[in-house]
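Topology and contacts: notes
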Amino acid sequence: MSCVSHLVCVACGAEYAEGSVFTCPSCGPQEGILDVRYDFRVAETMLRRHALESRPRSLWRYGELLPVEHPERPPVPDVGWTPVLDAPRLARALGVGRLRLKDEGRSASNSFKDRASAVAVARAVEERRSALACASTGNAATSLAYCAAVAGVRAYIFVPREVPEGKLAQLLAYGATVFRVGGTYDQAYSLCTQACEAFDWYNRNCAVNPYLVEGKKTGGLELAEQTVDDPPNWVACSVGDGCSIAGVAKGLAEMKMLGFTSRIPRMLGVQAAGVAPVAYAFTRGRPSVKAEGTTYADSINVPVPRNWRKAVIAVQESGGAFVTVADEEIMRAVGLCGRLAGVFAEPAAAAAIAGVATARQRGILDERDDVVAMITGNGLKDVPGALRALGQPHDVRPELADVAAVVEREEAA
Ligand SMILES: *Cc1c(COP(=O)(O)O)cnc(C)c1O
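Residues numbered from 1 in each chain as written. Predicted model: local features only at pLDDT ≥ 70, side-chain atom pairs only at ≥ 80, totals over all residues. Heavy atoms only, no water.

Let's shift gears to the pattern of salt bridges. Between side chains of opposite charge, a pair can form when the charged atoms approach closely. Taken as a whole, this structure holds 29 salt bridges when the rule is applied. Put simply, R129 and D200 hold a salt bridge, and the shortest N to O gap is 3.9 Å. Separated by 71 residues along the polypeptide, R129 in the loop between α5 (113-126) and β6 (131-135) and D200 in the loop between α8 (185-199) and β9 (202-203) bring together distant segments of the chain. Among the residues examined, R129 registers a relative accessible area of 23% and is labelled partly exposed. Ionic pairing is found between E399 and R397, a salt bridge with its closest N-O pair at 3.8 Å. Residue classification places R397 among the partly exposed residues on the basis of a relative accessible area of 48%. Overlapping salt bridges bring together D35, R37, E214, K217, K250 and E254 as one network. (Salt bridge = Lys/Arg side-chain N within 4 Å of Asp/Glu carboxyl O. Helix = DSSP H or I, 4+ residues; strand = E, 2+ residues; numbered from the N terminus. Buried < 20%, exposed > 50% of the residue type's maximum accessible area, 1.4 Å probe, protein only.)

Right, dumping it as structure tokens:
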């Protein structure tokens, strides 16, 4: 089923047999992130447009391009095939020709991370592991907890102290064992890595695990298939660690290799101005060494990205760009996205919309551009974050006069 051929180090280009190493032995676990490659001569004979029509509407429809031998073997998490929604009023507000939203907030645990976790759990089950672990600011963890619950394997989760309550509740609801680490995200990450070695758990940390980007890649495969008759020329995606945008770009590029599309959209990478090491690396070749600030968009608050190189290469190869956006712009985007497109995005997801606005102001995008924004997570994930962006309701006495006063103000505005 799977057409995996080999692994390539993204730092030095060395090739390794599938399954032989986890990171490049000569570049080390920090730099030597691997990329999974496939035999396209075989894959392209299977993944034809008409053949796909009868396949399951989930990420498992792309089995040939996934690093899983038996993806159809139950119980598998039902992840993928999220809708692409036209957002004409939001497009007008941002000044671009067309805007569509790929709403990953409708995925099972409500974020794009479900795609990576579904592949992680399938791999772990094939490797006969009884437990998986990850360190996450939230969505990677909740998606792993969800997929592990479906597959009936144990999930150990390491979260930093600052984790939005909605995500914590999801973790506990799916029955994961949660370690709240008194320290930074980076310390939680290191502790998780140590524990994976000590207890032989399957490590779901995306950057070092080459197979997880393959799950995220299905966002790009799917987008290309869903827009095959009218593909966008730009795809905007917010960036923390860098796996998501690298995955989407890889999926889009692979659909070109399969002959589905003749053109690959440009990637617009969006980071929060306070924490923008990948945007920095895009222009200067390496992430900055100085300490980063912070952002209220917790899912992209990643000061030490592990996968910056894959993200930078992906955006470069697509002829794309990076922009950074202030927290106030992200907050504004949360409201715009809900009000003008009917999509409630968590702050890190709305950042992609803020990025489109910024790219338009800077002339990177023009009024004819046809953009898809990846809405990577649902707004209910981070209710306090949403409320900070959206303000307060109108306090009224139980009297019609108070209502009338508000209505008058609103209609005048
Ligand atoms: C993880 C995440 C991102 C960024 O993905 P990276 O792979 O870390 O770059 C963006 N938005 C949301 C909602 C996320 O959970």
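Read on for the rest.
What follows concerns the sheet that holds strand β2 (residues 15-17). Strands in a sheet are paired, the pairing made by backbone hydrogen bonds, and the direction either parallel or antiparallel. Reading across from one edge, β2-β1-β3 is the order of the 3 strands in this open sheet, with antiparallel pairing throughout. Strands with a single pairing partner mark the edges of an open sheet, and in this sheet they are β2 and β3 (34-38). Adjacent strand axes in the sheet meet at a mean angle of 35 degrees, parallel and antiparallel pairs treated alike. (Pairing = 2+ DSSP bridges. Axes fitted to C-alpha atoms, helices over the stretch in contact; angles between N-to-C directions.)

What follows is about the packing of helix α10 (residues 243-257) against helix α12 (residues 308-317). Any two packed helices are characterised by how steeply their axes cross, that is the angle between the axes, and by the distance between the axes. Relative to each other, α10 and α12 sit at 40 degrees, their axes nearing to 8 Å. Put simply, α10 runs oblique to α12. At the point where α10 passes α12, the crossing takes the left-handed sense. Contacts between α10 and α12 involve I245, A246 and A249 from the former and K310, A311, A314 and V315 from the latter. Classifying every residue of the contact of α10 with α12 gives 6 nonpolar, no polar and 1 charged. (Parallel < 35°, antiparallel > 145°, perpendicular 65-115°, else oblique. Left-handed = near helix turned anticlockwise from the far one by under 90°. Contact = heavy atoms within 4.5 Å. Nonpolar A, V, L, I, M, F, W, Y, C, P; charged D, E, K, R; others polar.)

On to the environment of F199, then. Note that F199 resides in helix α8. When the C-alpha positions of F199 and A341 are compared, they lie 46 Å apart, and in sequence the two are 142 residues distant.

Bringing the nonpolar core into the picture now. Formed by 79 residues in total, the largest nonpolar core has its most connected members in L65, L132, I157, V235, L258 and M267. With 8 residues, helix α6 (residues 139-151) is the single largest residue contributor to this core. Dropping the residues within four chain positions of it, I157 is found in contact with C134, A141, L144, L171, A176, T177, V178 and F179. The next biggest cluster of nonpolar side chains, apart from the first, holds 41 residues, and it includes A87, W234, V325 and V356. (Core = buried A, V, L, I, M, F, W, Y, C linked by side-chain atoms within 4.5 Å.)

Close to the ligand lie 16 residues; K113, N139, G242, S244 and T376 are nearest. A distance of 2.8 Å separates an oxygen atom of the ligand from a polar atom in the side chain of N139. Contact between the ligand and C243: an oxygen atom at 3.1 Å from a main-chain N or O atom of the residue. A majority-of-atoms criterion places the ligand in the largest cavity. Residues that form the shell around the ligand fall into these classes: 4 nonpolar, 8 polar and 4 charged. (Near = heavy atom within 4 Å. Polar contact = N/O pair within 3.5 Å; in protein donor to acceptor, adjacent residues only side chain to side chain. 1 Å grid on protein atoms, 1.4 Å probe; cavity = no way out; pocket = protein on both sides within 12 Å on 5 of 7 lines; lining within 4 Å. Sits in = over half its atoms within 2 Å of the grid points.)

Let us now look at the packing of helix α13 (residues 327-341) against helix α15 (residues 383-390). Across the interface, α13 lies against α15 with an axial gap of 8 Å and an inter-helix angle of 90 degrees. In terms of their interaxial angle, α13 and α15 are classed as roughly perpendicular. Counting all contacts with α13, which are made through M331, V334 and G335, the residues of α15 involved are R388, A389 and L390. Looking at the contact of α13 with α15 residue by residue, the classes come out as 4 nonpolar, 1 polar and 1 charged.

Applying the stated criterion to the full structure yields 7 aromatic pairs. Ring centres 6.5 Å apart and planes at 45 degrees place the aromatic pair F158 and W201 in the tilted group. Here F158, found in strand β7 (residues 154-160), pairs with W201, found in the loop between α8 and β9; they are 43 residues apart in sequence, far enough to count as distant. Residue classification places F158 among the buried residues on the basis of a relative accessible area of 4%. Members of the aromatic cluster, each reached through a chain of ring pairs, are Y156, F158, F179, F199 and W201. If you follow R61 out to its NZ or CZ, it ends over the ring of W81, 4.3 Å from the centre. Here the basic side chain of R123 rests over the ring of Y211, its NZ or CZ set 3.6 Å away from the ring centre. (Phe/Tyr/Trp six-rings, centres within 6.5 Å; stacked < 30°, edge-to-face > 60°. Lys NZ or Arg CZ within 6 Å of the ring centre and 35° of its normal.)

Nothing here speaks to function; it is geometry throughout.
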